[in-house]
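# Commentary on secondary and tertiary structure
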Amino acid sequence: MRNVMLFVPLLGVLLFAWLYSAQSLNAIPTAIVDLDHSRGSREFADKLTGAEKLNITAYLSTYQELQEAIAGGRIVVGVVIPKNFEQDVALGRQTRVLMIIDGSNMVYATNASAALLEVTRTVSAEAGIRTLVGSGMQLDQAREAYKPIAFREEAWFNPTMNYAYFLVLALILNIWQQCCTLASAMNVIGETGMKSWLQIKASGVSMTRLFISKSMTHIITFMLMVLPLYFLAFRVLKLPLQCNFGVLMFFTLLFVIAIHSVGTLMSSAVSNAVDASRLGMMIALPSFVLSGYTWPIDAMPPLLQSLVWIFPQTWFFQGLNYLTFKNPGGDFMLPFYAGLIVTAAVCYAISIMLQMWREKLQ
Amino acid sequence: MLRQILKLAYYEILHILKDPILCLMVFIAPLAYASLFGAVYVASVLNDIPLAIVNQDNSELSRDVVAAYRNDPHFKIIAEIESYEELEAGMKTGKVRAGVVIPADFSQKLSQNGQTEILTVYDASNLIWGYNIRKNTLEVVNKFSADHTAAQLAGAGLSKHEIQNVMNTIDCNITVWYNPTFSYVNFLFMGLIIMILHQLGILGVALTITREKERNTWLQYLTAAIPAWKITLGKCLPYLVVNFCNYVLLIWLSSQFVHVKIQGSVFLIILLGLLFDLIITFAGFLISVYTPNSLMVTRYIMLLSVPFFMVSGYTWPHTHIPELLNGMARLLPSTWMMEGFRLVTIKNLTMTEVGPIFLIMGLMAFLFTGLSLTFRKQSLPPNTDDLAVNCGSTYPRE
């Protein structure tokens, strides 16, 4: 267990920081199939080369080659410039450029779609102005007729859309909370399940004192475990932290108590250590998906939107997102603190009742 | 020959049925997790994104902008936010996830050729919101710009036909292959299902030998005149059957109730499932043979779920993962299975195109099966230098 507690979360930091070291999704592999081979088509291709996030990695000769490249996953975006492109544009005839996005990976697809939408707006406007001029309109008039409305966009709280900022800390803490669950699942069964339990009982040690001492040790250990993780996350990896560090630590402490109470409940509900671990992990594993940290709670079905708040992980990961990115203030965070405290109170109370019931049976 | 194997298998089935939590894990948990995740992702697309519009201009043009957003099904306008300060506060508290700010003199400046712009902001603290809002906003902006230009051209005296000609001089037709509705269910759900099958499949069988070790009955197997391969087959047979049934069941449920796009050759899907079944069952058996106790198996297998899923490249693409890490991920069967399943069911590829994946999975299946069938019948010395509860056997309550 000590290996799990000491090394697994730290390995998690290393793994996830390494995994998301590219940080933002730029350089989406893009291929161009230029069937026109004209100056006009090359100019058009140049515009794509300059597009943010697209990286032209291949110039293919045929549509079939493009199909194969996209199917094989080597290319995510394909642009097919048709034959007679330059001639059609020059004569003011309609021409259709096909832009294909591999939608099988949404991280790519949403970014690629946004990149292409930006390009098409510019390209269409330029082509339209050229056509108007070609049909005899003055350039100023054409520009006036095609006068675009400027739209500016700002990504708040994570301006560079950094994927590492979004996910690395949460994934590290997800591994950490799983380790905490495993350890706290030993809280009761780790004593009552051992033969030495009879010695402890015979020694006359107060059960309350024993429980509090063990739980305090667990909670302090979990907090000590999180300190190097936060140091690495905020100091070394420079992940964002908008709130005061003390506030984050207080919030983490409440979560630790809540998660410890859940582990304790598992520990008192079953008859051996393996089952306690299994049950604890059966809750800890899906809790990250259910917490709404990635797929938003608002998009879940109404019943599930209420049910997910049973898990302390939901309060924690939602609160973590607010504290690290937005710092919305103490009043706003109160329900999050309360949610964790109530979870802890309920789980500890049930654990005590279960334990008392077992003692009575014996 | 077959009788011995079947007897061992029968004995293993009794073990599963007698242990309620193991029974739950083998028969119920895959279904329960799949249903839970299915419910999470059932919406599949982010619609009704809470959006605030701060319209400081209140002109006809600015109202057109508001209408453009109102008519888009992806957005739901939160009417009570009317100022920039309220927008800032709403974004901080999550009341809204996006905002549009139309400046006070927008319409006037535009008509006087002055510098003016509409500001769109979105919450990038969660990039699922961020990416989708950005894409959806650009779609609205492009449509609005096109309509606005068409109106201006009409004002300049061009006929409908001429306007169409001018605006579609270069018609950029954006087509999304394989997942045209940008469905998160098609993208993510089957990856999660494969991880559920992988982890629970391995965990179930990984407890089979550790359980015998903890009950001191493993010695009977080791000393009995039964060859190793028969023990392996007998012990693994129930799990091979259940794991494959779970695979088929979860695919059917995902397709029927969560509406995941599952296309492609049924033969290839079954073949993938069979190879995956062999890999996870025999890998679990090997883990069980060489691990001292159930507790250690449970802990480590569970803890590996998230890292295995993340490094597989199923969400964050391979191209943006360091090469060495990609190489390490390629050693894991889950990486190949997830990729193979996506290529067959979403991209509808044939054996010619996905042959290498089948080859690698076939080799993995051969390796794990071979190693399992030929495990050495010897007992490892017990680990005595650690706390008993953590590395020893389980301790049932008195």
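Bear in mind that the values here come from a model prediction, so they are computed numbers and not experimental data.

### Let's talk about the interface of chain B and chain A
Each partner contributes residues to the interface: chain B has 96 residues there, and chain A has 100 residues. It is helix H6 (residues 127-155) of chain B that provides the largest number of residues to the side of chain B that touches chain A, a total of 18 residues. Looking at the side of chain B that touches chain A residue by residue, the classes come out as 57 nonpolar, 27 polar and twelve charged.

### Describing the sheet that holds strand E1 (residues 49-55) of chain B
An order of E5(A)-E4(B)-E3(B)-E1(B)-E2(B) is seen for the five strands of this open sheet, with the pairing classed as mixed. What marks the edges here is a single partner per strand, and that holds for strand E5 (150-156) of chain A together with strand E2 (75-77) of chain B. If you compare each strand with its neighbour and ignore which way they point, the axes differ by 25 degrees on average. Taken together, the five bridges between E1 of chain B and strand E3 (residues 98-102) of chain B define a ladder with parallel strand orientation. In the strand pairing of E3 of chain B, alanine 52 of chain B is matched with glycine 99 of chain B. Helix H3 (residues 60-70) of chain B rests against E1, E2, E3 and strand E4 (117-123) of chain B of the sheet, and its axis sits at about 175 degrees to E1 of chain B.

### Here's the deal with the domain arrangement of chain B
Here chain B is described as being made up of domain 1 (2-42 + 183-391) and domain 2 (49-167). Between the C-alpha centres of domain 1 of chain B and domain 2 of chain B the distance comes to 50 Å.

### Some details on the packing of helix H8 (residues 184-214) of chain B against helix H12 (residues 294-303) of chain B
Residue and element names in this part refer to chain B. At their nearest, the axes of H8 and H12 sit 8 Å apart, and the two run at 165 degrees to each other. Looking at the two axes, H8 sits roughly antiparallel to H12. The interaxial crossing formed by H8 with H12 has right-handed handedness. Note on element contacts: H12 touches H8 through Ser294, Val297, Thr298 and Ile301, opposite Gln199, Ile202, Leu203, Ala206, Leu207, Thr210, Arg211 and Glu214. Across the contact of H8 with H12, the residue classes break down as six nonpolar, four polar and two charged.

The rules behind each value
Residues numbered from 1 in each chain as written. Chains lettered and ligands numbered in written order. Predicted model: local features only at pLDDT ≥ 70, side-chain atom pairs only at ≥ 80, totals over all residues. Contact = placed C-beta atoms within 7 Å. Helix = DSSP H or I, 4+ residues; strand = E, 2+ residues; numbered from the N terminus. Nonpolar A, V, L, I, M, F, W, Y, C, P; charged D, E, K, R; others polar. Pairing = 2+ DSSP bridges. Axes fitted to C-alpha atoms, helices over the stretch in contact; angles between N-to-C directions. Domains from an automatic or database assignment. Parallel < 35°, antiparallel > 145°, perpendicular 65-115°, else oblique. Left-handed = near helix turned anticlockwise from the far one by under 90°.

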